[in-house]
Amino acid sequence: SSGINAEYGDAKIESLIEFDSVMSAEACKEAINGADIYAGCCTLEVKFSKAQSLNVFKNDDDTFDYTEVNPAIAASNRKRESQGPADDYGERHDDRNNNMGRGPGRPRRGDRAMERGGPRGDMGPGGGGPPAVLMVHGLDSAMNPARLFNIFCMYGDVNKIKFLMTKKGIAMVEMKNSRGADNVLNHLNRAKVLGAQISISPSKHREVVVYNSAPGILEDGSENVQVFVNSRFLRYSTEKKAAKNRLVDPTKILHFFALPLEVDEDFVLKLLEDKGCPTPTSISMHKSEVCSAGLLEFDSTEEAIDTAAIANHMQGSHKGVRYLLKIAFTGKKSMPVENYEEAKPAAAAGGKDKKDVNEEQSGGRNFND
């Protein structure tokens, strides 16, 4: 069950909604939590309830059981309940689908092709084949689904991430398609994240299944499962967005963007410091017509990856203007100066006046639609 609160001035309306699965509840929470019913007011707060189920005895203006009026919902619930228990990796197996001598969990021929990299297509909607699952081993205890998403999202759209509770340091990541999974394998396998070298490999499973039970709690207090299907942070959900991404290996140079025009280097450095990120050695900023952006250089590629994992998609407000910090890998091995002002050492960067450099001069890497 999920609880939804909406505040109207001093009044507060609360409701409980039961979904058919935790995954559906996660998707709803991700899509509408923090949204305003009306511009600037009636903000929704969505969180999980301690109640395992709801008892609805009548359909009226206050309570409603949609399974009573929608046979399709009831049939879907019966089908889900009839499926076998999940294995250690969260996969439900239905032996009725395991024909031609396949055992539980053994992929079909088409799935094997998909796991090898399978059909390739456009990175936009509908391209790149069916979903593909990756196994990630060697994760540090400070990692969680949100931080793993922050680096994986640069190479393809992520559907779901699940950290295994029975096997520490292992996570399952369901990518939207095999093309995105290939990109992650090619660019992030064996990378060091938060001090631990991760190992990424294709999974035999066709999807990350979030079954009907309460989420587990990781060491940092976050839930072990997160659904990103409807996330606004997806960077390949449209052809236009996909075309703006550069598929490059991580280096010690990060590109940041989507900050308000009024911010300066000190503001960016304070954001990173407050989040506990490594301190960059130098910073360079420029301003387009719509946002502030720039480059951050670190002592090592590992520090840049850690910063991306921790600070990517950080949200806040500055002088009444809401912002969403976005980060991307650049593939650059040194701080370029031909399109920016000469990079300043991070420790000396301050609020000095800078000449604006427009997006055309700086290379036009603006993801902020």
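Report on the accompanying structure. Remember, it's a predicted structure, so these values are computed and weren't measured experimentally. (Residues numbered from 1 in each chain as written. Predicted model: local features only at pLDDT ≥ 70, side-chain atom pairs only at ≥ 80, totals over all residues. Heavy atoms only, no water.)

A tally of helices and strands in the protein yields 9 helices and 17 strands. Per-residue burial over the protein gives 45% buried out of 369 residues. Taking the contacts inside the protein whose residues are at least 6 apart along the sequence as the reference set, 70% of them involve residues at least 24 apart. Summing over all exposed atoms, the protein offers an accessible surface of approximately 19000 Å²; the carbon and sulfur share of this is 48%. (Helix = DSSP H or I, 4+ residues; strand = E, 2+ residues; numbered from the N terminus. Buried < 20%, exposed > 50% of the residue type's maximum accessible area, 1.4 Å probe, protein only. Contact = heavy atoms within 4.5 Å. Areas by Shrake-Rupley, 256 points an atom, 1.4 Å probe, with all protein chains shown as cover.)

Moving on: helix 4 (residues 145–152). Of all 8 residues that make up helix 4, 6 are buried, and the element is covered over most of its length. The backbone nitrogen of Ala146 lies 3.2 Å from a side-chain oxygen of the residue at the head of helix 4, namely Asn144. (Polar contact = N/O pair within 3.5 Å; in protein donor to acceptor, adjacent residues only side chain to side chain.)

For helix 7 (residues 265–274), the set of buried residues is Glu265, Phe267, Val268, Leu269, Leu271 and Leu272. Elements in contact with the buried residues of helix 7: strand 12 (253–259), strand 13 (282–287), strand 14 (292–297), helix 8 (301–311), strand 15 (314–318) and strand 16 (321–329). N-cap assignment for helix 7: the residue whose side-chain oxygen lies 3.3 Å from the backbone N of Asp266 is Asp264. Of the residues trailing helix 7, Gly276 is marked for its positive phi of about 80°.

Another aspect to go through is the pattern of salt bridges. Inspection of every chain in the model, using the stated rule, returns 5 salt bridges. The partner of Lys47 in a salt bridge is Glu45, with the nearest N and O atoms 3.9 Å apart. With a shortest N-O distance of 3.5 Å, Lys252 and Glu297 are connected by a salt bridge. Within this pair, whereas Lys252 is found in the loop between helix 6 (239–243) and strand 12, its partner Glu297 is found in strand 14, the two being separated by 45 residues in sequence. Connected through salt bridges with shared partners, the residues Lys160, Glu174 and Glu207 form a single ionic network. (Salt bridge = Lys/Arg side-chain N within 4 Å of Asp/Glu carboxyl O.)

This part takes up the packing of helix 4 against helix 8. At a closest axis distance of 7 Å, the pairing of helix 4 and helix 8 adopts a crossing angle of 120°. By the angle between their axes, helix 4 is oblique relative to helix 8. In the crossing of helix 4 with helix 8, the sense of the turn from one axis to the other is right-handed. Counting all contacts with helix 4, which are made through Arg147, Asn150 and Ile151, the residues of helix 8 involved are Ile305, Ala308, Ala309 and Ile310. Looking at the contact of helix 4 with helix 8, its residues break down into 5 nonpolar, 1 polar and 1 charged. (Axes fitted to C-alpha atoms, helices over the stretch in contact; angles between N-to-C directions. Parallel < 35°, antiparallel > 145°, perpendicular 65-115°, else oblique. Left-handed = near helix turned anticlockwise from the far one by under 90°. Nonpolar A, V, L, I, M, F, W, Y, C, P; charged D, E, K, R; others polar.)

By the definition in use, this model includes 3 aromatic pairs. Ring geometry for Phe149 and Phe228: centres 4.2 Å apart, planes at 5°, overall stacked. Here Phe149 is found in helix 4, whereas its partner Phe228 is found in the loop between strand 11 (225–227) and helix 6, with 79 residues between them in sequence. Looking at Phe149, the relative accessible area reads 1%, which means it is buried. A relative accessible area of 2% means that Phe228 is categorised as buried. (Phe/Tyr/Trp six-rings, centres within 6.5 Å; stacked < 30°, edge-to-face > 60°.)

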